[in-house]
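# Structural characterization, general
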Amino acid sequence: MTTQEIVAKLWNLCNVLRDDGITYQDYVTELTYILFLKMADETGAEEHIPEPYRWAALKDLKGNELLKHYTTILAELGGKDDEQGNAEDADIHHIIKAIYCKATTSIREPKNLQKIIKSIDELDWFSAREEGLGDLYEGLLEKNANEKKSGAGQYFTPRPLIDVMTELVRPQAGELCNDPACGTFGFMISAFRYVKAHTNRFKALDAETAKFELNEAFTGCELVPETRRLALMNELLHGISGRIALGDTLSSFGKQFHGYDVVLTNPPFGTKKGGETSTRDDFTFTTSNKQLNFLQHIYRSLKKDGKARAAVVLPDNVLFADGDGASIRRDLMDKCNLHTILRLPTGIFYAQGVKTNVLFFSRGTEDSGNTKEVWFYDLRTNMPSFGKTNPLKKESFADFMTAYTAEDRHAVDDERWNVCTREEIAAKGDSLDLCLIRDESVVVYEDLPDPVESCKESLAQLGEAMDLIQGVMERLQSAKKAGM
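## Considering the pairing of strand 8 (residues 373-378)
Buried residues dominate strand 8, accounting for five of its six residues. In this structure, strand 8 lies alongside strand 9 (residues 417-421), joined through five bridges in antiparallel fashion. Bridging from a neighbouring strand, Val374 pairs with Cys420 of strand 9.

## Considering the pattern of salt bridges
Applying the stated criterion across every chain yields a total of 24 salt bridges. Here Asp41 and Lys38 are joined by a salt bridge, their closest N and O atoms 3.5 Å apart. A residue pair is termed a helical-turn pair when its members lie 3 or 4 positions apart in one helix, as Asp41 and Lys38 do in helix 3 (residues 24-43) at three residues. Classification of Asp41 by relative accessible area gives partly exposed; the value is 31%. A salt bridge links Asp316 to Arg380; the shortest N-O distance between them is 2.9 Å. One end of the pair, Asp316, is in the loop between strand 5 (309-315) and helix 15 (317-320); the other, Arg380, is in the loop between strand 8 and helix 17 (398-404), with 64 residues separating them in the sequence. For the pair Asp316 and Arg380, a shared accessibility class is recorded, and that class is buried. Within the structure, one salt-bridge network assembled from shared partners comprises Lys38, Asp41, Glu42, Lys59, Asp121 and Arg129.

## Digging into the environment of Ser251
With respect to the element layout, Ser251 can be found in the loop between strand 3 (244-246) and strand 4 (262-265). Spatially, the C-alpha atoms of Ser251 and Thr279 are 4.9 Å apart, while their sequence positions differ by 28 residues. Apart from residues no more than four positions distant in its own chain, Ser251 is found in contact with Thr279 and Arg280. Polar side-chain contacts of Ser251 include one of 2.7 Å to the backbone oxygen of Asp248.

## Structural notes on a nonpolar patch on the surface
A contiguous nonpolar patch, built from Leu462, Met466 and Ile469 and spanning about 320 Å² of accessible area, is present on the exposed surface. Within the secondary structure layout, Ile469 lies in helix 19 (residues 451-483).

## A word on the packing of aromatic side chains
This structure, assessed with the given rule, holds twelve aromatic pairs. Each member of the aromatic cluster is reached from another via a ring pair, and the members are Phe360, Trp375, Tyr377, Phe400, Tyr404 and Trp417. It is Arg409 that lies over the ring of Tyr404; its NZ or CZ is 4.9 Å from the centre.

## Observations regarding unusual backbone geometry
Unlike most non-glycine residues, Lys102 shows phi in positive territory, near 55 degrees. Within the fold, Lys102 resides in the loop between helix 6 (92-100) and helix 7 (110-121). Judged by relative accessible area, which is 57%, Lys102 ranks as exposed. Despite not being glycine, Phe202 has its phi angle at roughly 75 degrees, a positive value. We classify Phe202 as buried; its relative accessible area is 9%.

## Comments concerning the packing of helix 6 against helix 13 (residues 225-237)
Taken N-terminus to C-terminus, the directions of helix 6 and helix 13 make an angle of 145 degrees; their axes are 9 Å apart at the nearest point. Considering how the two elements wind past one another, helix 6 and helix 13 form a crossing that is left-handed. Between helix 6 and helix 13, the contacting residues are Ile92, Ile95, Ala98, Ile99 and Tyr100 on the first element and Arg228, Arg229, Leu232, Met233, Glu235 and Leu236 on the second. Along the lines of polarity and charge, the residues of the contact of helix 6 with helix 13 split into eight nonpolar, no polar and three charged.

## Quick notes on the nonpolar core
If you look at the biggest cluster of nonpolar residues, it comprises 101 residues, and the most contacted ones within it are Leu10, Leu35, Tyr100, Ile120 and Phe360. If one sorts the elements of this core by residue count, helix 3 sits on top with eleven residues. Sequence-distant contacts of Ile120, defined by excluding residues within four places in its chain, comprise Leu10, Leu13, Leu31, Ile34, Leu35, Lys38, Trp55 and Trp125. Formed by 37 residues, the second largest nonpolar core is a distinct cluster that contains Leu292, Val312, Ile328 and Cys435.

## Re the packing of helix 5 (residues 63-78) against helix 7
Where helix 5 meets helix 7, the axes come as close as 8 Å, and the angle between the chain directions of the two elements is 75 degrees. The orientation of helix 5 with respect to helix 7, classified from their angle, is roughly perpendicular. Of the residues in helix 7, those in contact with Gly63, Asn64, Leu66, Leu67 and Tyr70 of helix 5 are Pro110, Leu113, Gln114 and Ile117. Its residues assigned to classes, the contact of helix 5 with helix 7 shows six nonpolar, three polar and no charged.

## Here we look at the sheet that holds strand 7 (residues 356-363)
The strand order across the open sheet built from nine strands is 3-2-1-4-5-7-6-8-9, with neighbouring strands paired in mixed fashion. Because the sheet does not close on itself, it has two edges, and the strands there are strand 3 and strand 9. With strand direction ignored, the average angle separating the axes of adjacent strands in the sheet is 20 degrees. As judged from the three bridges shared by strand 1 (residues 177-179) and strand 2 (residues 218-222), these two strands associate in the parallel manner. Within the sheet, the bridge partner assigned to Cys177 lies in strand 2 and is Phe218. Lying over the sheet, helix 13 contacts strand 2 and strand 3, oriented at roughly 165 degrees with respect to strand 3. The sheet strands contacting helix 14 (residues 290-301) are strand 4, strand 5, strand 6 (336-343) and strand 7, and the helix crosses strand 5 at an angle near 180 degrees.

## Quick look at helix 10 (residues 159-169)
With nine of eleven residues buried, helix 10 is to be regarded as a mostly interior element. Every buried residue of helix 10 is accounted for by Arg159, Pro160, Leu161, Ile162, Val164, Met165, Thr166, Leu168 and Val169. For helix 10, the elements touching its buried residues are helix 9 (133-146), helix 11 (186-197), strand 4, strand 5, strand 7 and helix 17. One or two steps after helix 10, the chain reaches Arg170, where phi turns positive at roughly 55 degrees.

## What to know about helix 14
An α-helical turn contains 3.6 residues, so any two residues separated by three or four positions project in the same direction. Along its twelve residues, helix 14 runs 16 Å from first to last C-alpha, staying within 8% of the 16 Å computed at 1.5 Å per residue. Counting buried positions over the twelve residues of helix 14 gives ten, a clear majority of the element. Among the residues of helix 14, those classed as buried are Gln291, Leu292, Asn293, Phe294, Leu295, Gln296, His297, Ile298, Tyr299 and Ser301. Its buried side turned inward, helix 14 meets strand 4, strand 5, helix 15, helix 16 (324-335), strand 6 and strand 7. Here helix 14 starts with a cap whose side-chain oxygen sits 3.0 Å from the backbone nitrogen of Gln291, and that cap is Asn289.

What counts and what doesn't
Residues numbered from 1 in each chain as written. Predicted model: local features only at pLDDT ≥ 70, side-chain atom pairs only at ≥ 80, totals over all residues. Heavy atoms only, no water. Buried < 20%, exposed > 50% of the residue type's maximum accessible area, 1.4 Å probe, protein only. Helix = DSSP H or I, 4+ residues; strand = E, 2+ residues; numbered from the N terminus. Pairing = 2+ DSSP bridges. Salt bridge = Lys/Arg side-chain N within 4 Å of Asp/Glu carboxyl O. Contact = heavy atoms within 4.5 Å. Polar contact = N/O pair within 3.5 Å; in protein donor to acceptor, adjacent residues only side chain to side chain. Patch = residues over 30% accessible without salt bridge, like charges linked within 9 Å, V, L, I, M, F, W, Y side chains within 5 Å. Areas by Shrake-Rupley, 256 points an atom, 1.4 Å probe, with all protein chains shown as cover. Phe/Tyr/Trp six-rings, centres within 6.5 Å; stacked < 30°, edge-to-face > 60°. Lys NZ or Arg CZ within 6 Å of the ring centre and 35° of its normal. Axes fitted to C-alpha atoms, helices over the stretch in contact; angles between N-to-C directions. Left-handed = near helix turned anticlockwise from the far one by under 90°. Nonpolar A, V, L, I, M, F, W, Y, C, P; charged D, E, K, R; others polar. Core = buried A, V, L, I, M, F, W, Y, C linked by side-chain atoms within 4.5 Å. Parallel < 35°, antiparallel > 145°, perpendicular 65-115°, else oblique. Expected span 1.5 Å × (residues − 1).

Below is the structure:
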């Protein structure tokens, strides 16, 4: 059985819980509580769980006794520690407590709980272990994100896009990586995999660096407690135990996150609730626009060493917003080398009309004059519509990756690939809403023929038609007379 087949079976179990009034989002959280116990049983990690609360003790119970014991497990594994989810010591004990912190169940019918436990126990766990339990869990998160009724797509970035961003940023062993709006931790999982693949599964590293990769290199912050649970489970199943803090990056809490070599993220879109501005007192510019505030946080959180870099998904309004928006863009281009902007296709996120971009930049050693030119790649105009019938794939970015990695970018022959100097951008009011190619589906006035010539051509064609009709009528009249 493939991971995809196992994910489908797990997802279908949500039908069992509908009678208990459990939503799709609640279902994934509920399933996480149960899956963790089973996966600990499969991986031999049960030593971190007290014996009365392990899978074997749970699966043999029935009826009200089962539901009561399950409720006890949730309470006991959560304990009273890490209620804010911000323990600096991110070992497996703290991660388990954070996953179950304040956990409660929405299941009311013992028979439903029993059916789920039985179904999970009967899955092909040998195949799941072979393909990777982390991949299985990520597949479940992706299934949830693709289900519009769950509303989870708002924090799930398509895997091909994540992997392309990671590959181009190239995180290295020993570097500190962060996602300040980490969702289910997908970017950091991708960065972890990249480093792992390029160090022969960490065997090419010394013991200290290998330990750093597993325990410290990949970190994040998430505002929503339920989403953070999924992130913690995701990192644990991939063998990582980096810190995932619970809090608001755009509040004073976020001031602690700095000194990073790599930032990869897709921060939430929209304005701060109630139109309030960020409560960060270290920002130069105050705005209620979340994305602009996240952008300020990100380039300020990078090490000022000329090597630290970031790739960030941001909506179009960040490129053209005036006022503080223009000031923040100028500050970004001063402090960083904003070298590339990828104009993404529409429809790849949960909201079909959202237009987004990826900004690639690196922090300079000085605070001014770092951006000399910005390269743009238009992957939006005249592109096919992506969706279930035409899913976004890594291959969709092949031409962009070729242009991005070219030794001489000016030698790349691709109409989608264009450049603007810093002076040209300044002349346009520091707007970065640039370099979209001509849309072939839109009729441009300049493409229309001369109206006088069009009228003459139409009259000529009309005359030919009249002559044809006149000829037909004359032949019909002749035939009628001959018949008489």
